[in-house]
Amino acid sequence: LISDMHLGRWFGNRQIDKLVNLVDAQDVDVVVIAGDIMNDTTIAYDKTNMHERLSKLEAPLGVYATLGNHDYLGYEKRIADAVERAGIKALDNESIQLENSVWLVGRSDDVDLTRLTAKELLTHVETDKPVIFLEHRPTALDEISILPIDLHLSGHTHGGQIFPLTTLMQWFTPLAHGSKKIEETWFLVTSGYGFGAVPFRLGTRSEIWVITLQQAP
């Protein structure tokens, strides 16, 4: 699980190279990206040819992404196209089955007023099989937890990114960072790989999550 790369002026080719090496070292089956792939536009991405580096991000079962709020600031079509050209499937309001065993459902960000409800997105999903739900923000815990969804993956929060927001966010959000089980659904929120408008972190770390799915007892 990768989120919040915010590729742009302050975060680019060097960080993508490191990310590719980190992912390759983990020998994972699939890579999912929970939005905010770019920092508002594709300008820096195109200018510095980040495509060459990002296209090296690979996994046997594919690389999938949803768009985040920073991907929806007028450049969403260009960002989605750039992502697809890099070999990453933009999975906004779509579902796909991995190896005929696990369903991956992707939903667009909250700012997309046309996005479907989680229940609508499950219409053609076989919920007797494991279901993973990928979106940018962890704002739909109540909506998701009453549905047959096994795992919900998101980012957006940056874990607060800068102290004391790291602490304040834990008071005012249902889940700012980490994992939590509600009903029968596990929620995982990553603090993200990059950073937002302020180009540094204080009290948080950049991260990717390596998740192992296991059969329930």
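Structure: see above.
Residues numbered from 1 in each chain as written. Predicted model: local features only at pLDDT ≥ 70, side-chain atom pairs only at ≥ 80, totals over all residues. Heavy atoms only, no water.

Caption draft 1: Structural detail: the overall build of the chain. Along its length, the chain carries 7 helices and 9 strands. Over its C-alpha atoms the chain spans a radius of gyration of 16 Å, differing by no more than 12% from the 17 Å that the globule rule assigns to 217 residues. Referenced to the eigenvectors of the C-alpha coordinate spread, the extents of the chain come out at roughly 45 × 40 × 35 Å. Out of the 217 residues belonging to the chain, those deemed buried represent 50%. Sequence separation of 24 or more characterises 68% of the internal contacts of the chain that already satisfy a separation of 6 or more. When the accessible surface of the chain is summed, it comes to about 11,200 Å², and 53% of that surface belongs to carbon and sulfur atoms. For the chain, the distance from the average position of its 19 positive side-chain charges to the average position of its 30 negative side-chain charges is 7 Å. (Helix = DSSP H or I, 4+ residues; strand = E, 2+ residues; numbered from the N terminus. Rg over C-alpha atoms; globule rule 2.2 N^0.38 Å. Buried < 20%, exposed > 50% of the residue type's maximum accessible area, 1.4 Å probe, protein only. Contact = heavy atoms within 4.5 Å. Areas by Shrake-Rupley, 256 points an atom, 1.4 Å probe, with all protein chains shown as cover. Lys, Arg positive; Asp, Glu negative; His and termini not counted. Charge placed at Lys NZ, Arg CZ, Asp CG, Glu CD.)

Caption draft 2: Up close: the environment of threonine 157. With respect to the element layout, threonine 157 can be found in the loop between strand 7 (151-154) and helix 7 (165-172). Spatially, the C-alpha atoms of threonine 157 and lysine 89 are 23 Å apart, while their sequence positions differ by 68 residues. A distance of 2.5 Å separates the side chain of threonine 157 from the backbone oxygen of alanine 176, its partner in a polar contact. (Polar contact = N/O pair within 3.5 Å; in protein donor to acceptor, adjacent residues only side chain to side chain.)

Caption draft 3: Seen up close, the environment of aspartate 92. Tracing the sequence through the fold places aspartate 92 in the loop between strand 3 (89-90) and strand 4 (94-98). C-alpha of aspartate 92 to C-alpha of arginine 107: the two residues are 15 residues apart in sequence and 4.6 Å apart in space. Excluding residues within four positions of it along the chain, aspartate 92 makes contact with Ala65, Thr66, Leu67, Tyr72, Gly106, Arg107 and Ser108.

Caption draft 4: Main features of the nonpolar core. With 31 residues, the main nonpolar core has Ile2, Met5, Leu7, Val31, Ile33, Leu54 and Leu57 as its most contacted residues. Contributing elements (two or more residues each) for this core: helix 1 (13-26), strand 1 (31-34), helix 2 (43-47), helix 3 (50-54), strand 2 (63-66) and helix 4 (76-85). Setting aside residues up to four positions removed in sequence, leucine 7 forms contacts with Ile16, Ile37, Met38, Asn39, Tyr45, Met50 and Leu54. If you look at the next biggest cluster of nonpolar residues, it comprises 16 residues, including Trp103, Ala118, Ala140 and Ile149. (Core = buried A, V, L, I, M, F, W, Y, C linked by side-chain atoms within 4.5 Å.)

Caption draft 5: Local environment of the sheet that holds strand 2. Pairing is parallel in the open sheet, where 3 strands are placed in the order 1-2-3. What marks the edges here is a single partner per strand, and that holds for strand 1 and strand 3. Pairing between strand 1 and strand 2: 4 bridges, direction parallel. Its bridge partner lying in strand 2, isoleucine 33 is registered against alanine 65. (Pairing = 2+ DSSP bridges.)

Caption draft 6: Summary view of helix 4. For helix 4, every residue scored as buried is listed here: Ile79, Ala80, Ala82 and Val83. Taken end-on, helix 4 shows its buried residues confined to a sector of 160°, consistent with a single buried face. Residues Lys77, Arg78 and Arg85 are exposed on helix 4 and point more than 90 degrees away from its buried face. On the buried face of helix 4, the contacting elements are helix 2. Residue glycine 87 follows helix 4 closely and has a positive phi angle near 85°. (Arc of directions from axis to C-beta.)

Caption draft 7: Molecular detail of the pairing of strand 5 (residues 102-106). In terms of burial, strand 5 is largely enclosed, as 5 of its 5 residues are buried. In terms of strand pairing, strand 4 meets strand 5 through 5 bridges, oriented antiparallel. Bridge pairing in strand 5 links glutamine 97 to tryptophan 103. When strand 5 meets strand 6 (residues 131-134), the two strands line up parallel, connected through 4 bridges. Its bridge partner being in strand 6, valine 105 is matched across the sheet by phenylalanine 133.

Caption draft 8: Just the packing of aromatic side chains, in detail. As enumerated under the stated definition, the model contains 2 aromatic pairs in all. The interplanar angle of 85° and the centroid separation of 5.5 Å between the aromatic rings of phenylalanine 11 and tyrosine 193 together place this pair among those described as edge-to-face. Separated by 182 residues along the polypeptide, phenylalanine 11 in the segment before helix 1 and tyrosine 193 in the segment after strand 9 (185-189) bring together distant segments of the chain. Using a relative accessible area of 6% as the deciding quantity, one classes phenylalanine 11 as buried. Assessed through its relative accessible area of 6%, tyrosine 193 is described here as buried. Seen in terms of ring centroids, phenylalanine 11 and phenylalanine 195 are 5.2 Å apart; in terms of plane orientation they differ by 80°. Their pairing is edge-to-face. Within this pair, whereas phenylalanine 11 is found in the segment before helix 1, its partner phenylalanine 195 is found in the segment after strand 9, the two being separated by 184 residues in sequence. By relative accessible area, phenylalanine 195 is classed as buried at 14%. (Phe/Tyr/Trp six-rings, centres within 6.5 Å; stacked < 30°, edge-to-face > 60°.)

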